[in-house]
Amino acid sequence: MDTVEVAERFCGPPRSGHGGYVAGLVARHVADLVAVPLGSPTEVTLRLPPPLSTPMTLDVVDGLATLRDGDAVVAEGRTCPPLDVVPPAVLRWADAEAAAQWYCEHEGLHPFRTCFGCGIDRAAGDGLREFFGPAPGDEGLFAAPFVPDASLVSGPGDAIAPEFVWAALDCPSAAPAMIEVQAAVLGRLAVEQYGPVEVGYRYIVTSWLVQRDGRKFHTAAALCTDMGNVQAVARATWIEVDAAAFAENAEKRGR
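Owing to the predicted nature of the structure, the values given are computational and were not obtained by experimental measurement. (Residues numbered from 1 in each chain as written. Predicted model: local features only at pLDDT ≥ 70, side-chain atom pairs only at ≥ 80, totals over all residues. Heavy atoms only, no water.)

Asks: What am I meant to see in the overall build of the chain here?
Replies: Secondary structure assignment for the chain yields five helices and eleven strands. Here the C-alpha atoms of the chain give a radius of gyration of 17 Å, agreeing with the 18 Å that 2.2 N^0.38 yields for 255 residues. The principal-axis extent of the C-alpha atoms belonging to the chain is close to 50 × 40 × 35 Å. Across the 255 residues that make up the chain, the buried fraction comes to 52%. Here the chain displays about 10900 Å² of accessible surface, and carbon together with sulfur accounts for 50% of that area. Computed over 19 positive and 33 negative side-chain charges, the inter-centroid distance for the chain is 5 Å. (Helix = DSSP H or I, 4+ residues; strand = E, 2+ residues; numbered from the N terminus. Rg over C-alpha atoms; globule rule 2.2 N^0.38 Å. Buried < 20%, exposed > 50% of the residue type's maximum accessible area, 1.4 Å probe, protein only. Areas by Shrake-Rupley, 256 points an atom, 1.4 Å probe, with all protein chains shown as cover. Lys, Arg positive; Asp, Glu negative; His and termini not counted. Charge placed at Lys NZ, Arg CZ, Asp CG, Glu CD.)

Here it is in structure tokens:
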């Protein structure tokens, strides 16, 4: 059994851990304890808003990794079949920058301004600052430019830690939901990583809607180099929420 604690820096909604980052931590433990290579297709389901600055336990039994806050199950993860995700288009860097500009011009649409992934109030080198928006000329496709910084590296070399690859795929995968509803939070994320994501290189994360089922949005995303090489793909489930009520509940759990 391991202990996991989510630092304040890695918040999503206020007083709640960033879903992609937390899911990536769980996935890393799945790889370590189930003895599969890092980057193998893994699916993580979030059961509760992950608390910040709170020691949690994580164990793996029969291939299922369970993250707990006391007796409460926060997240569960296990390996899954390879993800059948193919980006529908290769975008230019200029198109990704135009999508980010759209985000900045519509910043009032974002309910969680301090989110580690896409919070517009986070400084460069602190948050990922992945600003997403509609891809020019591609209806239904969304994009975000991403240039990793050195704070995302946890070992030798220039590749960012796997949990940050998950985090980078998280927020842009919400774009098809956020364009439709006031707020949505991550319910499930599956990621398969094909190659390293390295500091200082330019990447583009694209996303698109697969299916909507009431309050649930099933989306897909891909993280590619600016030359179009796919480094990682994801499938996500986003759930429409009341932003104020969600933040209030997370605050209560964080006390």
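Picking up where we left off.
Asks: I would appreciate a short explanation of unusual backbone geometry in the present structure.
Replies: Backbone phi values are negative for most residues with the exception of glycine, while trans is the configuration of most peptide bonds. Despite not being glycine, Ser 53 has its phi angle at roughly 50 degrees, a positive value. Inspection of the secondary structure assignment puts Ser 53 in the loop between strand 2 (42-46) and strand 3 (56-61). Non-glycine residue Arg 129 carries a positive phi angle of around 50 degrees.

Asks: How should the side chain of Ser 207 be read in this particular structure?
Replies: Relative to the elements of secondary structure, Ser 207 occurs in strand 9 (residues 203-213). Judged by its relative accessible area of 1%, Ser 207 falls in the buried class. In this structure the side chain of Ser 207 is engaged in a polar contact, spanning 2.7 Å, whose partner is the backbone oxygen of Pro 172. Setting aside its immediate chain neighbours within four residues, Ser 207 contacts Gly 140, Leu 141, Phe 142, Pro 172, Ser 173, Ala 175, Pro 176, Ala 220 and Ala 221. (Polar contact = N/O pair within 3.5 Å; in protein donor to acceptor, adjacent residues only side chain to side chain. Contact = heavy atoms within 4.5 Å.)

Asks: Even after reading the chapter, I still don't get the nonpolar core, so can you show me in this structure?
Replies: The nonpolar side chains of a soluble globular protein tend to be buried, and buried together. Membership of the largest hydrophobic core comes to 65 residues, with the highest contact counts inside it found for Leu 67, Phe 146, Leu 169 and Leu 223. Filtering out sequence-adjacent residues up to four positions away, Leu 67 remains in contact with Val 4, Val 22, Val 26, Met 56, Thr 57, Leu 58, Ala 72, Val 73, Val 74 and Ala 75. If you look at the next biggest cluster of nonpolar residues, it comprises 17 residues, including Leu 141, Trp 208, Ala 222 and Val 233. (Core = buried A, V, L, I, M, F, W, Y, C linked by side-chain atoms within 4.5 Å.)

Asks: What's the story with the packing of aromatic side chains in this structure? I'm lost.
Replies: Geometrically, a pair of aromatic rings is defined through the distance of the ring centres and the angle of the planes. On inspection of all chains with the given rule, the structure shows seven aromatic pairs. Geometrically, the ring pair formed by Phe 10 and Tyr 21 is stacked, given 4.2 Å between the ring centres and 25 degrees between the ring planes. Pair noted here: Phe 10 is in the loop between strand 1 (2-4) and helix 1 (19-34) and Tyr 21 is in helix 1, with a separation of eleven residues, a long-range link. Each of the two residues, Phe 10 as well as Tyr 21, counts as buried. Measuring from centroid to centroid gives 6.1 Å for Phe 116 and Phe 164, while their planes differ by 50 degrees, and the two rings are tilted. (Phe/Tyr/Trp six-rings, centres within 6.5 Å; stacked < 30°, edge-to-face > 60°.)

Asks: Would you mind going over the environment of Met 178 with me for this structure?
Replies: Mapped onto the elements, Met 178 comes out in helix 4 (residues 175-178). For the pair formed by Met 178 and Val 61, sequence separation is 117 residues and the distance between their alpha carbons is 36 Å.

Asks: How should the pairing of strand 2 be read in this particular structure?
Replies: Remark: a regular strand shows side chains that alternate across the two faces of the sheet. In terms of burial, strand 2 is largely enclosed, as four of its five residues are buried. Of the strand pairs in this sheet, strand 2 and strand 5 (residues 72-79) are connected by five bridges, and their pairing is antiparallel. Residue pairing across strands places Thr 42 opposite Thr 79, the latter belonging to strand 5. (Pairing = 2+ DSSP bridges.)

Asks: Sorry if this is basic, but what is going on with helix 2 (residues 93-105) here?
Replies: An α-helical turn contains 3.6 residues, so any two residues separated by three or four positions project in the same direction. Over its 13 residues, helix 2 extends 19 Å from the first C-alpha to the last, a length consistent with the 18 Å expected when each residue adds 1.5 Å. The set of residues buried in helix 2 consists of Trp 93, Asp 95, Ala 96, Ala 99, Ala 100 and Tyr 103. Considered in projection along helix 2, the buried side chains sweep an arc of 165 degrees and stay on one side of the axis. If you follow the buried residues of helix 2, they end up packed against strand 6 (133-134), strand 7 (141-146) and strand 9. (Expected span 1.5 Å × (residues − 1). Arc of directions from axis to C-beta.)

Asks: Sorry, what's going on with the sheet that holds strand 4 (residues 64-69) here?
Replies: Picture the strands of a sheet paired through backbone hydrogen bonds; they go either parallel or antiparallel. One open sheet accounts for eleven strands, arranged 1-3-4-5-2-8-11-10-9-7-6; its pairing is antiparallel. Whereas interior strands pair on both sides, the edge strands pair on one side only; in this sheet they are strand 1 and strand 6. Across four bridges, strand 2 lies against strand 8 (residues 184-193) in antiparallel orientation. Bridge pairing in strand 8 links Thr 45 to Arg 188. Of the strands in this sheet, strand 6, strand 7 and strand 9 touch helix 2, which is tilted by about 100 degrees from strand 7. (Axes fitted to C-alpha atoms, helices over the stretch in contact; angles between N-to-C directions.)

Asks: Could you clarify how one ought to interpret helix 3 (residues 162-173) in this entry?
Replies: For helix 3, which comprises twelve residues, the first-to-last C-alpha distance of 17 Å matches the rise-based estimate of 16 Å (1.5 Å per residue) to within 8%. For helix 3, a buried count of twelve out of twelve residues is recorded, marking the element as mostly surrounded by other parts of the structure. Along helix 3, the residues classified as buried are Pro 162, Glu 163, Phe 164, Val 165, Trp 166, Ala 167, Ala 168, Leu 169, Asp 170, Cys 171, Pro 172 and Ser 173.

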